[in-house]
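Coordinate inspection notes
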Amino acid sequence: GTGVVTATPEQGDVEYLSPVTIGGQTINMDFDSGSSDLWVFNTELAAGSQAGHSNFNPETSTTFQLLQGASFEISYGDGSGAAGNVGTDTVNIGGATVTNQAVELATAVSSSFVQDTQSNGLVGLAFSKLNTIKPVQQKTFFDNAIATLPIPVFTADLRHAAVGAYEFGNIDSTKFNGSLSWTDVNATSGFWQFSSQQFAVGTGPTMNLAGGQAIADTGTTLMIADPSIVNAYYSQVQGAVNNETVGGVTFPCAAQLPDLAVDIGGNYMATVRGDDINFSPVDAAGTTCFGGLQAGTAGGLQIYGDIMFKSQFVAFNGGNNSIGMAPHQ
Ligand SMILES: O=C([C@@H]1CCCNC1)N1CCCCC1
């Protein structure tokens, strides 16, 4: 069958949380198309780490089974991470159900996860080759579900400061304008990766980023692009400065921000709304704002995160490894 769950933004759209039922216990988790582990806060964790969280209890689930000798350890690009043991259980996301899904029970989590009490774990939706379980790598929820879905797709409908949705096995065409533009992804890296070699700032000329590559990552808050794109963009914003203290580009909150169009696989120019690039104030007075578009390393992999998803409805097709995009309805 299909599955649909809400995707509720934390304050400031820092991340989006969705209800996942594991062994009959419903827990709010962060769906991450940029990683491939499903791990959860749980009663095995130290009490100090459990505090404030919803903690899965494997002992009260009648369907949980420990995966003897299995463990996981994951590190994310932002320096956060988790590690622990592994079991299997029945995982139900909005009706889409997988029995014997690998459920990773963290016995250690980094401080940023402990402090973020709205999130109780991640559901990895990138390709299973990135799964960190050892000695035998396990599959993602989507990989396990795909055979039972009417169509081998999940979609992300993320909104600025409003409730959106993740859907498995269905493409709800009432959620986007026009038709989806499809692009093949290169799954070699394990990410939903595509070429992104052109961009345009506002009504300006299309510019080239030779060899540009990007991934679609629902688990990344911002949009991390090549410095050439970032410099071209903020050169059009009065008062934009690279603010080492806060760790990125800031600008006056009253600035008029242009849209940014980026190429998706050579088939589609995805427009990211300028007002979504005004991410958050950095000062109490709300005078100076932090940009939703920030620079990665020159020539490095670009990470199109939630800032892009707030403008674009995205369908992930695991049947033919492609991504479909269209502006939200
Ligand atoms: O670890 C991450 C992100 C962190 C935020 C959540 N999604 C995964 N990376 C981004 C993609 C390239 C590899 C590093």
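Turning our eyes to something else, we now look at the environment of Gly296. Of note, Gly296 is situated in the loop between strand S23 (293-295) and strand S24 (302-304). Separated by 72 residues in the primary sequence, Gly296 and Ile224 have C-alpha atoms spaced 5.4 Å apart. Setting aside its immediate chain neighbours within four residues, Gly296 contacts Ile224, Ala225 and Pro227.

All residues adjacent to the ligand are Asp32, Gly34, Tyr76, Gly77, Phe191, Ile215, Asp217, Gly219, Thr220 and Ile303. In the model, a nitrogen atom of the ligand is placed 2.8 Å from a nitrogen or oxygen of the Asp32 side chain. In this structure, an oxygen atom belonging to the ligand sits 2.7 Å away from a main-chain N or O atom of Gly77. Compared with its free state, where it exposes 360 Å², the ligand has 80% of that area covered by protein. Of the residues that constitute the shell around the ligand, the class distribution is 4 nonpolar, 4 polar and 2 charged.

Moving on, we get to the packing of aromatic side chains. Inspection of every chain in the model, using the stated rule, returns 19 aromatic pairs. Measuring from centroid to centroid gives 4.5 Å for Phe127 and Trp192, while their planes differ by 35°, and the two rings are tilted. Of this pair, Phe127 sits in the loop between strand S8 (121-124) and helix H3 (141-145) while Trp192 sits in the loop between strand S11 (181-184) and strand S12 (193-195), placing them 65 residues apart in sequence. Here the two residues Phe127 and Trp192 agree in accessibility, since each one is buried. For the pair Phe154 and Phe316, a centre-to-centre distance of 4.4 Å together with 5° between the ring planes defines the contact as stacked. Note that Phe154 is positioned in strand S9 (residues 153-159) and Phe316 in strand S25 (residues 312-317), a separation of 162 residues in sequence. Classification of Phe154 as buried rests on a relative accessible area of 0%. Overall, Phe316 belongs to the buried group, its relative accessible area being 0%. Aromatic ring contacts, followed pair by pair, group Phe31, Phe127, Phe141, Phe142, Phe154, Tyr166, Phe168, Trp192, Phe309 and Phe316 into a single cluster.

Rules used in this analysis
Residues numbered from 1 in each chain as written. Predicted model: local features only at pLDDT ≥ 70, side-chain atom pairs only at ≥ 80, totals over all residues. Heavy atoms only, no water. Helix = DSSP H or I, 4+ residues; strand = E, 2+ residues; numbered from the N terminus. Contact = heavy atoms within 4.5 Å. Near = heavy atom within 4 Å. Polar contact = N/O pair within 3.5 Å; in protein donor to acceptor, adjacent residues only side chain to side chain. Areas by Shrake-Rupley, 256 points an atom, 1.4 Å probe, with all protein chains shown as cover. Nonpolar A, V, L, I, M, F, W, Y, C, P; charged D, E, K, R; others polar. Phe/Tyr/Trp six-rings, centres within 6.5 Å; stacked < 30°, edge-to-face > 60°. Buried < 20%, exposed > 50% of the residue type's maximum accessible area, 1.4 Å probe, protein only.

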